[in-house]
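Take a look at the letters that make up each chain.
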Amino acid sequence: MHIDGTEKKWVILSFAMAFAMMGILAAYAINKNIHPPSNVETIDSTTLHLSEEFNEDNIGIKREADGSLRVTMVAARYGFFPHNLKIPVDTPIKFRLASADVLHGVHTAFTNMNTMVVPGYISEVNTTFPKVGKFPMFCNEYCGLGHDYMWSQLNVVSKEDFEKSMKEGDK
Amino acid sequence: MQKFTILKTVSLAFCVFGFIAGTLSTASAAPSSNVAWTSETRNLIKNANLENGEKIAEKCGKCHGADGTDATPIEEEDTPFLAGQVAHANYKQIIDYQDKKRDDKIMLKKVRKLSKQDVADVSAFYATQSLPVSSVDSAKVTPEAVKMATRGAGERFLPPCAGCHGLKGEGSIVDVPALAGQSVSYFVTTMMAYKEEDRENDIYSRMRFIAGELSEKEITELADYYASIGTGTKLLVVESADEEEPESEPATPETETPDASSPPKDAS
Amino acid sequence: MRAHASKLSLANIWVALTTFLLAALMGLYQVAERSGLFPQIEVIELYYRSVSSHGVIMGFVLTTFFIMGFGYWIIHTTLKTEIWGGKKLGWFGFSLAFGGTVADAIMLLSGEASVMYTFYPPLKANPVFYFGAAFLVVGSWVWCLQMVMSMHVWKKANPGAAVPLAMYAMTANAILWFITSLGVTSEVLFQLIPWSLGWIDTIDVGLARTLFSWTLHAIVYFWLIPAYIAFYTLLPKAAGGKLFSDEISRISILMLLVFSVPIGMHHLYVDPFQDAGWKFVHMIGTFMVAIPTLITGFTAIASMEVAGRLRGGKGLFGWIKALNWSNPMVLSGGLSLLMLTIGGWGGMINASYSLNVAVHNTQWITGHFHLIFAGTSVIMYFSAAYYMWPSLTGRPLYSTKMALIQLWLWFIGMVVLTLPWHVLGLLGQPRRIGVPPYADDVTAPWAPYEFLMLVGGVILFISAVLLIINLLFSHFKAKAETMPVMEYAESMHPVMNIPKLLNGFGFWTAVIVVYMIASYGYPILQFFLMETNGTFPWSI
């Protein structure tokens, strides 16, 4: 079987490029612990408001026993609840989301907080927001006639401002 | 002697505090409704006995009108039209009355003795009726109201009412109520109750958020809009594509697709 | 024999072309609606009806029918035999697929199936829609059988001979389509149909999405391989040269065949119901499947260089100038490769395990697949149609000049449409929205790009109309004196002894099955091992 010399070089180069890219991704994934949201936990979406984790008193931002921050949210036609969240900059945050009805997606624009919210499953995203500002949080998966309107604002504030608002009882 | 008095005062203070805290916290203690649309609950409505429902509805007719469309003059703003209402919507509200998630002494008295199946039966019965006819001339409806109902106000995070309540105000899956032809006064009363957070049985505060964003003027205008699009026809939510419009045996709507085949004429 | 083959091919291709024109009109409506310049057409229910119809037509109808037509003509013109199964089988398959398409068209256009091309549950369409989709796919399986058996019979009659490359590659495509469509077919038959009819109350959305992801990636290779077939077997001929390497082309096709199905989970990167480990495995396969595209790029460009130099081109780039750019196949080849280059690198970002979150379900994705599919692949469908038309119809093409203008307009329109689209995604705009109704400070940066997209959309629609006019009017031209022959490129180095592995599919099919079990086995099985909570039907 005859293969041209230049073509052979290109084939090898193509393999090399593919492996190099895979290698870089693998290195980042392993070293910096960067993984897409993949927690595989089930929940019953029909009884979400009666569940322990996603009932109405429990949604919002809470400080865990170990000092870390957890944001519990519900995606339901057509909004993310609670609306208008305030979170501190440069702080690791764990988002826990569930859908009360259909498939949704949530993406805080210009950040890596992006996940599907699948009825029957809990989504978990662990991330840190490095910039202060107001970020739109869009539903990015078609969920019905109100999909266009399903959005929220994520308010990333300084750590001091956040502590103040926690004291004042804002959620 | 002194110690005992102090103890008594402190205990009393705790009791009072506990009582106040208890009363206050029941208002916001989750959940806002016990109704969850599990298989079990859905089957109650799916297997509803419409004859039983009709019998029960005779009593409701005293206030809600013989066929569910007249509200008596006495408490008009507190008495909704029930005719043509989405079965699941009615079911949820009645159960919420029973569970005191929705606070109304009169309704509690009326529904307290109904079993869950009874509630399902009467809800399914009302759903077989026609929606109320228009009670407001469409000329009275403002373009802003039409816009809010059909296009919402995205910058205020408000989806169009039609997004959930249906393109023709016919309600939607699962327990989103029909608004078409609803009485103006009841609409306003309800929305203001959500706005002031007197009514709290909307899960995740979805309606409280929306009503909170709307002004009283907007609410009144929307009430006119919905009162003007009453159709006088049966519920537009149909069971399946091949189901006939029934004559004697009324359609029992389930959790099915609304007829979204044509966009609202007044969408501009 | 010729009459049947040409009739069957033309029937399939015309279904593709007419539905394409309808979908192109919808595309124009959508891009106009999103521009915000025409408030009267901003009817959200109509918009979603259009997006669903446009997606299903472009993704399931245009493609499947065009590829079937192209495949039948390849059997006739390369093997020069009867299409296996004869007239009855071919028309039977066509009727099934066409019937399914008509049913779906009615559902989609009447708003009973506004559930997008991806029809993700728990949004439920009218059950007829799911039946229609099943018929369309099963009808196409008849075509798959005919491709495979026609090749098999020919091999028996020509022992040791190399299966003509176009036939080999299209049969690979048929096998690929069969294997990949099993995913969506399972979802439709075992989940969506029973659920939409009310036979089962709930379905597991995680399982449904996993099954759909099985189909979702390789379907794009089902669409892309015919473009590669044109690159390998038609383009060098049209350019006046030879195919650089027949064997490498076969290896490339086989790599696509093996690596395109078991990698679907990169469409599920941010879905919570699959473990990161499996996503990582799929990522590896996804980068592997980039290799045959890189190789194809080389082969195609090298073949063109050969042609250019044969025409007298000198120096490093002189051969480019020397090529016959007034030949529609040559022009489309060049334009397609340009779009493949940009779109391909975008795809690498989507495939990136950790970077995908930056673009998932933003308009970057929509821009990407329009560029790479509507651009790279579909422009080659146009030129393959122009190339086949004389031999198919027995008449010359209505206008070569119109064809050249049409192809240029398609390329320009596609670039103007999709590059701003990518930017919109990076500016945060989510997918599947009509006129963005968010706050002004959020949407203001998007407006100029939406306007550019409208310009692109208008250009594309004009191009679509020119395509149909050209192909339609060709039917009314006077018959050619001698029947035009469909000519395929020869290989630079004639294939003497073709290795068995590059002339058959038995081994490779086994490899795919093993790879599929390894990469999708547990991810699907898990849903039956753990306790999941199903979801009831929801309406839009």
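For every chain, the first residue of its written sequence is number 1, and the numbers climb from 1 along that sequence. Here the convention is simple: chains get letters from A, ligands get numbers from 1, in the order in which they are written. Only residues with pLDDT of at least 70 are given local features in this predicted model, and only at 80 or more are side-chain atom pairs given and counted; all residues enter the totals for whole chains, interfaces and linings. Side-chain calculation: all heavy atoms of the structure are included, whereas hydrogens and water are not.

## Details of the overall build of chain B
Secondary structure summary: chain B contains 11 helices and 0 strands in total. Helices (α) and strands (β) of chain B occur, in sequence order from the N terminus, as α-α-α-α-α-α-α-α-α-α-α. Relative to its 268 residues, chain B shows a buried fraction of 49%. Taking all contacts inside chain B whose residues are at least 6 apart in sequence as the whole, residues at least 24 apart take part in 73%. A helix here means a DSSP run of H or I that spans at least four residues, while a strand means a run of E at least two residues long, and both kinds are numbered starting from the N terminus. Only protein chains enter the accessibility calculation, which uses a 1.4 Å probe; a residue whose area is less than 20% of its type maximum is buried, one above 50% is exposed, and one in between is partly exposed. Contacts: residue pairs with any heavy atoms within 4.5 Å of one another.

## Concerning the overall build of chain C
Within chain C, the regular secondary structure consists of 16 helices and 0 strands. A radius of gyration in this sense is built from C-alpha atoms; the matching globule rule multiplies 2.2 Å by the number of residues raised to 0.38. Rg of the C-alpha trace for chain C: 23 Å, near the compact-globule value of 24 Å for 540 residues, within the 12% margin. A principal-axis box enclosing the C-alpha atoms of chain C has dimensions of 60 × 50 × 45 Å. Here the analysis covers contacts within chain C between residues at least 6 apart in sequence; of these, 84% occur between residues at least 24 apart. As presented, chain C carries roughly 17800 Å² of accessible surface, and 73% of it is formed by carbon and sulfur atoms. Of note, chain C has its 26 positive side-chain charges centred 17 Å away from the centre of its 21 negative side-chain charges. Accessible areas in this description were obtained via Shrake-Rupley with a 1.4 Å probe; residue shielding takes into account the shown protein chains only. By the counting rule applied here, Lys and Arg register as positive and Asp and Glu as negative, while His and the ends of each chain are not counted. Just so you know, the charge point we use is NZ for Lys, CZ for Arg, CG for Asp and CD for Glu.

## Observations concerning the interface of chain A and chain C
Taken together, the contact between chain A and chain C spans 61 residues of the former and 77 residues of the latter. The term salt bridge refers to a side-chain nitrogen of Lys or Arg lying within 4 Å of a carboxyl oxygen of Asp or Glu. Taken together, the connections running from chain A to chain C amount to 1 salt bridge. Ionic pairing is found between E141 of chain A and R432 of chain C, a salt bridge with its closest N-O pair at 2.9 Å. Polar contact is the term for a pair of N or O atoms within 3.5 Å; when the atoms are in protein, one must be able to donate a hydrogen and the other to accept it, and sequence-neighboring residues count only if both atoms are side-chain atoms. Taken together, the connections running from chain A to chain C amount to 25 residue pairs in polar contact (both at pLDDT 80 or more). Elements that contribute at least two residues to the side of chain A that touches chain C include exactly α1 (5-31), β8 (114-117), β9 (121-128) and β10 (133-139) of chain A. The biggest single contributor to the side of chain A that touches chain C is α1 of chain A, with 14 residues. Charged residues are taken to be Asp, Glu, Lys and Arg, nonpolar residues to be Ala, Val, Leu, Ile, Met, Phe, Trp, Tyr, Cys and Pro, and polar residues to be all remaining types, Gly included. Along the lines of polarity and charge, the residues of the side of chain A that touches chain C split into 37 nonpolar, 17 polar and 7 charged.

## Things to note about the packing of helix α6 (residues 205-239) of chain C against helix α9 (residues 290-310) of chain C
The description of two helices packed together rests on the angle between their axes and the distance between the axes. All names here are of chain C. All axes here are fitted lines through C-alpha atoms, helices being fitted over the stretch that makes contact, and every angle between N-to-C directions spans 0 to 180 degrees. It is the contact of α6 with α9, at a shortest axis distance of 9 Å, that shows an interaxial angle of 15 degrees. When the axis of α6 is compared with that of α9, the two are roughly parallel. Seen from above, α6 lies across α9 with left-handed handedness. Note on element contacts: α9 touches α6 through T293, T296, T299, A300, S303, M304 and A307, opposite Y221, Y228, F231, Y232, L235, P236 and A239. For the contact of α6 with α9, the class distribution of residues is 10 nonpolar, 4 polar and no charged. Oblique is the label for every angle not falling under 35 degrees (roughly parallel), over 145 degrees (roughly antiparallel), or within 65 to 115 degrees (roughly perpendicular). Throughout, a crossing is termed right-handed when the near helix is turned clockwise from the far one, and left-handed when it is turned anticlockwise from it by less than a right angle.

## A look at the sheet that holds strand β5 (residues 85-88) of chain A
All names here are of chain A. Any two strands are treated as partners once DSSP identifies two or more bridges connecting them. Spatially, 5 strands are ordered β5-β11-β10-β7-β8 in an open sheet, and the strand pairing comes out mixed. The sheet terminates laterally at β5 and β8, the two strands that pair on one side only. Taken pair by pair, the neighbouring strands of this sheet meet at an average axis angle of 25 degrees, ignoring direction. Bridge analysis of strand β7 (residues 104-108) against β10 gives 3 bridges, and the strand direction is antiparallel. Within β10, the position partnered with T108 by the bridge is M137. Together, β5 and β11 (151-157) form the strand contacts of helix α2 (residues 159-167), whose direction differs from that of β5 by roughly 130 degrees.

## Observations concerning a positive patch on the surface
Residues and elements named next belong to chain B. The residues that make up patches have over 30% relative accessible area and no salt bridge, and they are joined within 9 Å when like-charged or within 5 Å when they are Val, Leu, Ile, Met, Phe, Trp or Tyr. On the surface, a cluster of positive charge is contributed by K55, K59, K62, K100, K109, K110, R112 and K113. At the level of secondary structure, the elements contributing two or more residues to the positive patch comprise α3 (50-64) and α5 (105-111). Here the element with the most residues in the positive patch is α3; it accounts for 3 residues. Locating K109 in the fold gives a position in helix α5. The exposure class of K109 is exposed, given its relative accessible area of 59%.

## Brief notes about unusual backbone geometry
That bond from I173 of chain B to V174 of chain B is cis: its omega, -25 degrees, falls within 30 degrees of zero. Turning to its location among the elements, V174 of chain B is positioned in the loop between α8 (161-165) and α9 (184-195). A positive phi angle is found at F110 of chain A, which is not glycine, with a value near 70 degrees. Within the chain, S205 of chain B stands out as a residue other than glycine whose phi angle is a positive 60 degrees.

## Regarding the nonpolar core
Definition used in this section: a nonpolar core is a set of buried Ala, Val, Leu, Ile, Met, Phe, Trp, Tyr and Cys residues joined via side-chain atoms within 4.5 Å. Counting residues in each nonpolar core, the largest one holds 293 residues, and the members touching the most others are F95 of chain A together with F119, F129, W143 and W389 of chain C. Top contributing element to this core by residue count: α6 of chain C, with 23 residues. Domain boundaries shown here were taken from an automatic or database domain assignment. Of the domains in this structure, domain 1 (1-35) and domain 2 (45-167) of chain A are the two that each give at least three residues to this core. One finds F54 and A98 of chain A together with I203 and Y204 of chain B within the second-largest nonpolar core, a separate group that totals 11 residues.

## What to know about a nonpolar patch on the surface
Nonpolar side chains collect at one region of the surface, where F131, F135, L197, W199 and I200 of chain C lie side by side and expose about 500 Å² of accessible area between them. Looking at L197 of chain C, the relative accessible area reads 34%, which means it is partly exposed.

## A closer look at helix α6 (residues 116-127) of chain B
Residue and element names in this part refer to chain B. With 12 residues, α6 extends 17 Å between its outermost C-alpha atoms, agreeing within 8% with the 16 Å of an ideal straight helix rising 1.5 Å per residue. The element α6 is extensively covered by neighbouring structure, given that 10 of its 12 residues are classed as buried. Elements that come into contact with the buried residues of α6 comprise α2 (39-46), α3 and α4 (87-98). Here the expected length of a helix is defined as 1.5 Å per residue gap, with one fewer gap than residues.

## Things to note about the confidence of the model for chain C
All names here are of chain C. Here chain C averages 96 in pLDDT, while 100% of its residues score no lower than 70. Within chain C, helix α14 (residues 440-443) has the poorest average pLDDT of any element, 90, and helix α4 (residues 127-157) the best, 98. In the predicted assembly, ipTM is 0.95 and pTM is 0.92. Known as pLDDT, the predictor's per-residue confidence is scaled from 0 to 100.

## Description of the confidence of the model for chain B
The predicted coordinates ought not to be read in detail in places where the model reports low pLDDT. Looking at chain B as a whole, its pLDDT mean stands at 81, while 72% of the residues score no less than 70. Segment residues 21-27 of chain B: pLDDT under 50, and 1 contact once partners within four positions in sequence are set aside and those in other chains are kept.

## Description of the packing of aromatic side chains
Residue and element names in this part refer to chain C. Only rings of Phe, Tyr and Trp enter the pairing, Trp through its six-membered ring, and a pair is recorded when the two centres are within 6.5 Å. The plane angle decides the type: under 30 degrees is stacked, over 60 is edge-to-face, the rest tilted. On inspection of all chains with the given rule, the structure shows 50 aromatic pairs over all chains. Seen from their ring centres, F66 and F70 are 6.0 Å apart, and the 50 degrees between their planes marks the pair as tilted. Taken together, the positions of F66 and F70, both in helix α2 (residues 44-79) and 4 residues apart, correspond to about one turn of that helix. No difference in accessibility class separates F66 from F70, as the two residues are buried.

## Details of the side chain of T185 of chain C
Residues and elements named next belong to chain C. For T185, the location among the structural elements is in helix α5 (residues 165-197). The class of T185 is buried, set by a relative accessible area of 5%. Excluding anything up to four places from it in sequence, T185 contacts V137 and W141.

## As for the pattern of salt bridges
Using the criterion set out here, one finds 21 salt bridges over all chains in the structure. Salt-bridge contacts for R96 of chain A lead to E53 of chain A; the nearest nitrogen and oxygen are separated by 2.7 Å. Taken as a pair, R96 of chain A in strand β6 (residues 92-99) and E53 of chain A in the loop between β1 (41-42) and β2 (60-63) lie far apart in primary sequence, 43 residues in all. E53 of chain A carries the same exposure label as R96 of chain A, and that label is buried. Residues E42 of chain C and R151 of chain B are paired through a salt bridge, measuring 2.6 Å at the closest nitrogen-oxygen approach. Residue E42 of chain C is located in the loop between α1 (2-35) and α2, and its partner R151 of chain B is located in helix α7 (residues 143-151); the two belong to separate chains. E42 of chain C gets classed as buried once you look at its relative accessible area, which sits at 8%. Salt bridges linked by common partners bring E41, E53, E64, R70, K94, R96 and E124 of chain A together as one network.

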